[in-house]
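# Remarks on the overall topology
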Amino acid sequence: MSTIKPAPKTSPLYSNQRITDDDIYRNSSQFTKWSFTKDGLQKSRENIAESTKDRYTTKLQDFLSNEENTKELTDDETQALKYEFNLGISATEQLQIVTLYTQKVQAFCTKLKLPTEVTATAMSFFKKFYISFSVLDLHPKNLIFTCIFLACKSENHFISADTFASKVKQAKESILDGEFMLLQSLKFSLMVHHVFKPLHGFYLDIQSVLSGKVDKNYLGTVYENSKKRLMNSYLTDALYHFSPPHITLSSLLMEDEQLMMKYLELKFLGFDPNTPIDKLNDSQKISKEMYDKLLNSINLCKEELQKNMIPNRESAWKIDARIHYYSDPMTFIKRYRAQKAKETENSTEPDAKRQKV
Amino acid sequence: MDTGDYYSKEKKLGEGTFAIVYLGKKRPSNKINDGLPEQVAIKEIKLDLMKKQSEDVNKGDVTGIDISAIREIKYLQELRQHDNIIKLFDVYTDTTNSINLVLEFLPMDLEKLIKKKTIIFNSMDLKLIVLQMLRGVNHLHRLSIMHRDLKPANLLIGNDGMIKIADFGLARIYDDGGINAHSNMTNNVVTRWYKAPELLLGSKNYDFKIDIWSLGLIIIELLIRVPYLPGKDDADQLTLMFKVMGTPTEKDWPHVKALPNYNTNLYMYPKPNRQEWRKRFVAISDNFLDLLINMLEMSPKSRWNVIQCLESEYIREYPRPSDPMDLVALMNE
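Keep in mind that this is a model prediction, so the values were computed, not measured. (Residues numbered from 1 in each chain as written. Chains lettered and ligands numbered in written order. Predicted model: local features only at pLDDT ≥ 70, side-chain atom pairs only at ≥ 80, totals over all residues. Heavy atoms only, no water.)

### So, the nonpolar core
Membership of the largest hydrophobic core comes to 201 residues, with the highest contact counts inside it found for A:Ile148, B:Ile99, B:Leu110, B:Leu113, B:Met133 and B:Met245. For B:Leu110, the contacting residues outside a window of four places in its chain are B:Ile129, B:Met133, B:Pro152, B:Leu155, B:Ile157, B:Ile163, B:Ile218 and B:Leu222. (Core = buried A, V, L, I, M, F, W, Y, C linked by side-chain atoms within 4.5 Å. Buried < 20%, exposed > 50% of the residue type's maximum accessible area, 1.4 Å probe, protein only. Contact = heavy atoms within 4.5 Å.)

Written as structure tokens, this is what we have:
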């Protein structure tokens, strides 16, 4: 028999510590592992770009030290190759090409009629991978389906590998082979706190706070438009810098600023935000301080959401080509020669060319 | 450096389909200033094993990394801060083909404790166990996570007497029906004896209450020391449950007849009244009995949620729970 004595007051059983909603978010892997300062994120990306550049340099040296390769190269061609390889893939270029392919992830998910959250998770996985890996490690086009497949599993949307592979017309192995590396790049954290739940929450709360002041059908339109806009937030870095409710508020604000300012004012202040500070009582001062802080965050987030990193076709082509050249520098030479030939052709036969057009 | 470098795998503790659990011991070469315990459990999930198995069997689909491994990793990562949930210290890989989860080493579980008939729980020990289980489940439900496999073997006990919920291989997020209402969840969850009636009746639209049902039965098992509803198969489970808890009617449980496995030819067993419940469990307090009756309400709508359980009179009334260290002493007797 155990001794008859209750747990001492020092036992964790009696701890008065309550876990607040804020604690929960702060303990989520999204916050502990996937939130960055802008500088921190930039630094990670610069590091990847740096190592990418080193790899190009090494590759170039290896290529040029092999006489098999160099014996047929003109000085001109060697110079051009050196120039191209010296460019590496900059942090901005990698971000651009990754953003472009993240958009492709979204397009494929839409085509596969996947639920919103699976799509958003796949997009977020995709972008995260390239914070720790270079496009040289795995070409973005080879990660698309692995991301979608893992996102399906993680979000409880079952599709067997065989069905999935046949749907997207890819070899099953090519989808599964990258899974482990992807999971590793995600730091083994799969939970993504999305923006769609907060959107629904605000949608309901706006109706109650602005009861009778806002048309329900109109609010429905705002909701739908914001949902589309929020999907695009997964193309940006917003989720690394802001919490989902912040992103949602920013997005709603971009949709209808007047409506949202009214809502925020009533929700968080309850008095005119232009009231001079000396006219406010203590609790109002605290409210005002928090309100200002919130507005500041929302506006910063708005800037992030407005960034568009998708490259134009020409730059996308150039970056893509350079990734390709890395695996086989000879392809660069071939393209260079073809281009030279075309230039010569153009300059010697301008009339013929013009006629063709 | 990840924790893989801190620990050596000492001996095999158990083996599942795709995972092997080892006892991990801190390497003497490493400094002990990082707050990690001397012993851990290392759950090694073998990926090549998964592939091979699928190829050999050549039936069923290859799915890559096993879904239960994905769930376990996904949820444990988010549940690091609660005393009543098993702690994941780290995840690392030694080769390209395995994932290692470094977990708290918890040598005991509730199943072993229940089976050890020499141990006698007093009302304070019982409350200690009930309270901790409810707290753990509360944390899960608050994070919108349904465990979906609560049973004595998945409730582990630490050397400090703390109860820890483990095994998240079946867990999932509950979508509250807002935007992406999930009305198509698999009902093939929870070990049979702990399956809630809505699951047995084939509902694909259940919620957190299935965990409460399992907990209710676990509590009874603590009292009587044998499983309360040990059905031989799912059909037998349903019959047994109706015999003991009464066949649900439209009056107690609106729309129950619409559930796939509800058969109109069912024998209508009467619902036990309070007196009947009292006869079954004579030694517990009125408030404890209330808690049990409400946790085992057939209709999920009327069944208490975890907050109601935690705020119940049973938890408030005397006696206070015993000291977790008493549970340790009890285990070592």
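### Focus: the UniProt feature "domain: Cyclin-like" (unreviewed entry) in chain A
When the UniProt feature table is mapped to this numbering, "domain: Cyclin-like" (unreviewed entry) covers residues 103-184 of chain A. In residues 103-184 of chain A, helix accounts for 70% and strand for 0%; the two terminal C-alpha atoms are 22 Å from one another. (UniProt positions renumbered as here; feature names shortened; annotations may be inferred. Helix = DSSP H or I, 4+ residues; strand = E, 2+ residues; numbered from the N terminus.)

### Side note on the domain arrangement of chain B
All names here are of chain B. Along its sequence, chain B is carved into domain 1 (3-30 + 37-54 + 61-104) and domain 2 (108-178 + 187-332). Here domain 1 and domain 2 have C-alpha centroids that lie 28 Å from each other. Contact with domain 1, which involves 14 residues of that partner, is made by 21 residues of domain 2. In total, domain 1 and domain 2 occlude about 1500 Å² of area from one another, counting both sides; carbon and sulfur atoms represent 60% of this. Counting the surface domain 1 buries against domain 2, the share from its top three residues, Arg71, Tyr75 and Asn84, is 39%. In this assembly, domain 1 and domain 2 are joined by 1 salt bridge. A salt bridge links Lys164 to Glu104; its shortest N-O distance comes to 3.0 Å. (Domains from an automatic or database assignment. Buried area = accessible area lost by both parts, 1.4 Å probe. Salt bridge = Lys/Arg side-chain N within 4 Å of Asp/Glu carboxyl O.)

### A few points about the sheet that holds strand S3 (residues 39-46) of chain B
Residue and element names in this part refer to chain B. Overall, antiparallel pairing links the 5 strands, which are arranged S1-S2-S3-S5-S4 in an open sheet. A single partner strand is all that each edge strand has here, and the edge strands are strand S1 (7-15) and strand S4 (88-92). Each neighbouring strand pair of the sheet contributes to a mean axis angle of 25°, computed without reference to strand direction. With 7 bridges joining them, S3 and strand S5 (residues 98-104) adopt antiparallel strand pairing. Note on S5: the bridge partner recorded for Ile42 is Val102. Each of S3, S4 and S5 is contacted by helix H2 (residues 67-78), which is oriented at about 45° to S5, the strand it contacts most. (Pairing = 2+ DSSP bridges. Axes fitted to C-alpha atoms, helices over the stretch in contact; angles between N-to-C directions.)

### Comments concerning the environment of B:Leu126
Position of B:Leu126 relative to the elements: it lies in helix H4 (residues 123-142). Distance in space between the C-alpha atoms of B:Leu126 and B:Lys11 is 33 Å, their sequence separation being 115 residues.

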